[in-house]
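The lines below spell out each chain.
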Amino acid sequence: MNVCVVVAAAIVVDGRLLLAQRRRPAALDGLWELPGGKVEPGETPTDALRRELREELDIETEAGERIGVEVPLADGLVLRAYLTEIVSGIPRALDHAAIGWFSAAELPAVDLVPNDRMWLPDLERALRAS
Ligand code: 523
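By the naming in an unreviewed UniProt entry, the chain goes by 8-oxo-dGTP diphosphatase and is assigned to Antrihabitans stalagmiti. Looking at the chain in UniProt, the text filed under Cofactor (unreviewed entry) is "Mg(2+)". UniProt, in the comment section headed Sequence similarities (unreviewed entry), describes the chain in these words: "Belongs to the Nudix hydrolase family."

This is the structure in C-alpha cells:
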C-alpha cells in the first residue's frame, strides 16, 4: 500500500509562528494548525507544500529542514512538518477561518489540532532559537 503524505509548514517570522484556524471537518472546526495538505500524485512533498501555501495563504515559499516527528494518521496517511520560509507575499486566510502569529510563550495555550500538538516542544524550541 502507498503511504500518502500530508505536509505542513512551520513558518517563523520575528519570533512568531504562523498558525491557521481550520473550518472543517466539524471535529477540527476552530482548531489551529500548521497550514498544509495532502501530497497529490506526481508531486514531491515540498512541491505540495509550495502549492498548498499558495492556494491557502497566497504566499510563495521555500521548504527547508524537517521539524518534529512524522505523525501517523488514519487511512495510511502520515503527517510531516517542514521549517518553511516566505519568499514573497503577505499571508492571508483564503481557505481558513483566520491566521495568527504566536510566540513560544503563547503557543501552549493555543487550541492546536491534536496531531500538531506532537510538535509543540520542537516548535517552542525553534521559536526560542529564532
Ligand atoms: N492535518 C493535521 N495537521 C495539519 C494538516 C495540514 C493536516 O492533522 N497541520 C490532517 C487533517 C486531515 C489530513 O491531515 O485529517 C489532511 O489534511 P487537509 O484536510 O488539510 O488536507 P487537504 O486540504 O489536502 O485535504 P482535502 O480537503 O481532502 O483536499
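### Observations concerning the overall build of the chain
Scanning the chain from N- to C-terminus turns up three helices and eight strands. Along the longest, intermediate and shortest principal axes, the C-alpha atoms of the chain span 40 × 30 × 25 Å. Split into buried and exposed, the 130 residues of the chain put 42% on the buried side. Of the roughly 6,900 Å² of accessible surface on the chain, 51% is carried by carbon and sulfur atoms.

### Some words on the site of the ligand
In the vicinity of the ligand there are 15 residues, among which R22, L34, K38, N115 and D116 approach most closely. A distance of 3.0 Å separates an oxygen atom of the ligand from a polar atom in the side chain of R22. The contact in question runs from a nitrogen atom of the ligand to an N or O atom on the backbone of L34, over 2.7 Å. Bound to the protein, the ligand loses 73% of the 600 Å² it would expose on its own.

### Details of the pairing of strand β1 (residues 4–10)
Look at any regular strand and the pattern is simple: side chains alternate between the two faces of the sheet. With respect to burial, β1 is a largely interior element, six of its seven residues being buried. Where β1 lies against strand β7 (residues 77–88), seven bridges are found, and the strand directions are parallel. Each residue of the ladder has a partner; that of V7, found in β7, is R80.

### With respect to the packing of aromatic side chains
Using the criterion set out here, one finds one aromatic pair in the structure. Ring plane angle 75 degrees and centroid distance 5.3 Å describe the contact between W32 and F102, whose orientation is recorded as edge-to-face. One end of the pair, W32, is in strand β4 (residues 32–33); the other, F102, is in strand β8 (residues 98–102), with 70 residues separating them in the sequence. Overall, the relative accessible area of 14% leaves W32 in the buried class. A relative accessible area of 15% places F102 in the buried class.

### Here we look at the sheet that holds strand β5 (residues 36–38)
Taking strand neighbours across the sheet as the criterion, the four strands line up as β5-β1-β7-β6 in an open arrangement whose pairing is mixed. Whereas interior strands pair on both sides, the edge strands pair on one side only; in this sheet they are β5 and β6 (60–72). Each adjacent strand pair in this sheet contributes to an overall mean axis angle of 25 degrees, direction not counted. Packing of helix α1 (residues 45–57) onto the sheet brings it into contact with β1, β5, β6 and β7, and relative to β5 it is tilted by some 125 degrees. Its contacts with the sheet put helix α3 (residues 120–129) on β1, β6 and β7, and the angle it makes with β6 is roughly 145 degrees.

Quick notes on the rules
- Residue positions are given per chain, counted from 1 along the sequence in the order it is written.
- Thresholds applied to this predicted model are a pLDDT of at least 70 for local features of residues and 80 or more for the giving and counting of side-chain atom pairs; totals over whole chains, interfaces and linings are not thresholded and use all residues.
- Note that the side-chain values use all heavy atoms of the structure and ignore hydrogens as well as water.
- UniProt positions are given in the numbering used here, feature names are shortened, and annotations may be inferred rather than shown by experiment.
- Only DSSP runs of H or I covering at least 4 residues are called helices, and only runs of E covering at least 2 are called strands; the numbering of each starts at the N terminus.
- Throughout this description, buried means an accessible area under 20% of the type-specific maximum (1.4 Å probe, protein chains only), exposed means over 50%, and partly exposed covers the range between.
- Areas reported here follow the Shrake-Rupley algorithm with a probe of radius 1.4 Å; residue values treat only the protein chains shown as occluding.
- For each residue, the test is whether any non-hydrogen atom lies within 4 Å of the molecule or strand; if one does, the residue is near.
- In protein, a polar contact requires one atom able to donate a hydrogen and another able to accept it; more generally it is a pair of N or O atoms within 3.5 Å, and residues adjacent in sequence count only if both atoms are side-chain atoms.
- Strands were regarded as paired on the criterion that DSSP finds at least two bridges between them.
- Ring pairs shown here join Phe, Tyr and Trp side chains whose ring centres sit within 6.5 Å, with only the six-membered ring taken for Trp; geometry is labelled stacked below 30 degrees between planes, edge-to-face above 60, and tilted in between.
- For helices, the fitted axis covers only the stretch in contact; all axes are lines through C-alpha atoms, and the angles between them, taken along N-to-C directions, range from 0 to 180 degrees.
- We call two residues in contact when some of their heavy atoms are within 4.5 Å.

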